Amino acid sequence: MGQRWDGEQVLALAPDEASVRAARGLSTDSPWSAAGAADTQTFTAMWGLCAGSGKRPYQVIVDLTGPAYKCTCPSRKFPCKHALALLLRWSSGQVADTEIPPWAGEWLEDRAAKSLTVRAERTPDPVAAAKRAEQREARVSAGLDELDQWLSDQVRTGLAGLSRGGYAQLDAMAARMVDAQAPAVAGTLRRLSTVGTGWTDTVLAEYGMLRLLVRAHRRISELPAPLAATVKAQVGYPVSREDVLATAPVTDTWQVLGWRDTEDPRLRTRRAWLLGKQTGRPALVLSYAASVQQSLDASLIPGEEVRADAHFYPGAEGLRVLIGERHGEPQRISEIAAMPPGPAPPGTMAQAASQWAAGLAANPWLEAWPVLLAGVTPVRHDDDWTLVGDGTVRLLGADPWPLVAVSGGHPVDVLAEWTATGVRAVSVLTETAVIRL
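Residues numbered from 1 in each chain as written. Predicted model: local features only at pLDDT ≥ 70, side-chain atom pairs only at ≥ 80, totals over all residues. Heavy atoms only, no water.

### Observations concerning the overall build of the chain
The secondary structure content of the chain amounts to 13 helices and 16 strands. In terms of C-alpha radius of gyration, the chain reaches 24 Å, essentially the compact-globule figure of 22 Å for 437 residues. Here the chain, with 437 residues, has 44% of them falling under the buried criterion. Considering only residue pairs separated by 6 or more positions, the chain has 62% of its internal contacts joining residues 24 or more positions apart. Across the chain, 44 positive and 48 negative side-chain charges occur, with their mean positions spaced 6 Å apart. (Helix = DSSP H or I, 4+ residues; strand = E, 2+ residues; numbered from the N terminus. Rg over C-alpha atoms; globule rule 2.2 N^0.38 Å. Buried < 20%, exposed > 50% of the residue type's maximum accessible area, 1.4 Å probe, protein only. Contact = heavy atoms within 4.5 Å. Lys, Arg positive; Asp, Glu negative; His and termini not counted. Charge placed at Lys NZ, Arg CZ, Asp CG, Glu CD.)

Structure representation (structure tokens):
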């Protein structure tokens, strides 16, 4: 088979911490009566029989080309603890290549056949697609006009009305934006209902950015193509994977310098930050999971680099990508690359601030920009934490202690997300390693 995953890559698939603990307990020899793996032209897979609570062992199958999972256990989590345990055993070399048993081969072949059928049936109709796009834009425009009036009413009556009436009105307007096919706007409104201390400043700022988005959408035909694409992305217009992969790639050795997972009641998100070794270009790979029955992308492991084609989504700041063809297996990072020098020396806070400013100038709705900060130390001031180096910047996040523990009070190099209110530390970088926080 191809290069085996490491344990961190496997556990990154887990839907929750309980699954991680259970999988580790099942990764020993005793529960498994059989296991094997195979690499064919249509799939790369493994299977096994794991003892459960009944007389018959659970039949576990993992197809890495998805990845996809099948297990006869009653768990509603995907991957379940048995699939994760099988992957852990495989990653540690405890699963050998063997002949595929009929009960596993039938599911694998059926899945491969369905995938080929779906691809063959995709025959796009450009006329129908243009009509759907026109209808969607009209629906979005009507919804954003209603949002504009709502925002005016909010400002006219004052934010005290939101405090008295609760967040139900935010949820109601978010539902209206879903009906108007503007899901990204709906997400912004829902996030406002979770703001805690200092909510008035945050809400007012977001209202202003939403108003700017409404006005930009009204003039979308007059905007430069990259900015128009950014406006559509902020509204929530879909961009197909096929269209992104059809763009000209940026081929580079992409270093995975960290990832950060976030979760809300509706969605789990993973933001994987990459840096081109030759181009010095940053890139963001996003993956989503709507429930514990879905897994986040774990194919890009912090501390590894891979020669690959990166296809950038349309947009003004040019940050989000899809990874296309890979030219070789991932390797451990031999030397951390540096972003191209700008007005200030690489790794300084002045350079980080200028990178953030450039990104924000291109996309006023930009949430975060990846920066490399050299020789910074986490320092506590009363109840706030800062990163101190050649300058000082506020450290965001409810739990600074992993960074404090890794640094030991000494300067370290950090990959961080620079935002309008401070920075979030993502990982600590050494010359040849990435330490996830």
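### Description of helix H12 (residues 349-362)
Taking 1.5 Å of rise per residue, the 14 residues of H12 would be expected to cover 20 Å, and the 20 Å separating its terminal C-alpha atoms lies within 8% of that figure. Turning to H12, its buried residues number three or more, namely Met349, Gln351, Ala352, Gln355, Trp356 and Gly359. Across the axial projection of H12, the buried residues extend over an arc of 160 degrees, all falling on one side. Next to the buried residues of H12 lie strand E11 (369-381), strand E12 (384-388), strand E13 (392-395) and strand E14 (412-418). (Expected span 1.5 Å × (residues − 1). Arc of directions from axis to C-beta.)

### Description of the pattern of salt bridges
Per the stated rule, a full pass over the model turns up 18 salt bridges. The salt bridge involving Asp145 is made with Arg218; its shortest N-O contact spans 3.2 Å. Taken together, the residues Asp145 in helix H5 (residues 126-157) and Arg218 in helix H9 (residues 199-218) connect sequence positions 73 residues apart. With a relative accessible area of 39%, Asp145 lands in the partly exposed category. Assessed through its relative accessible area of 44%, Arg218 is described here as partly exposed. Note that Lys277 and Glu305 form a salt bridge whose closest N and O atoms lie 3.4 Å from each other. Of this pair, Lys277 sits in the loop between strand E6 (268-276) and strand E7 (282-289) while Glu305 sits in strand E8 (residues 304-312), placing them 28 residues apart in sequence. We classify Lys277 as partly exposed; its relative accessible area is 29%. Exposure remark for Glu305: the relative accessible area of 10% places this residue in the buried category. Residues joined in a network through salt bridges with shared partners are Asp145, Asp148, Arg211, Arg215 and Arg218. (Salt bridge = Lys/Arg side-chain N within 4 Å of Asp/Glu carboxyl O.)

### Structural notes on the sheet that holds strand E2 (residues 44-50)
Reading across the sheet, the 4 strands line up as E1-E2-E3-E4 and stay open at both edges, with antiparallel pairing between neighbours. For this open sheet the edge positions go to strand E1 (32-39) and strand E4 (68-71), each flanked by a neighbour on one side alone. With direction set aside, neighbouring strand axes in the sheet form an average angle of 10 degrees. Relative to E2, E1 runs antiparallel, the two sharing 7 bridges. The residue bridging Ala34 from the neighbouring strand is Leu49, located in E2. Together, E1, E2, strand E3 (58-63) and E4 form the strand contacts of helix H3 (residues 81-91), whose direction differs from that of E3 by roughly 60 degrees. (Pairing = 2+ DSSP bridges. Axes fitted to C-alpha atoms, helices over the stretch in contact; angles between N-to-C directions.)

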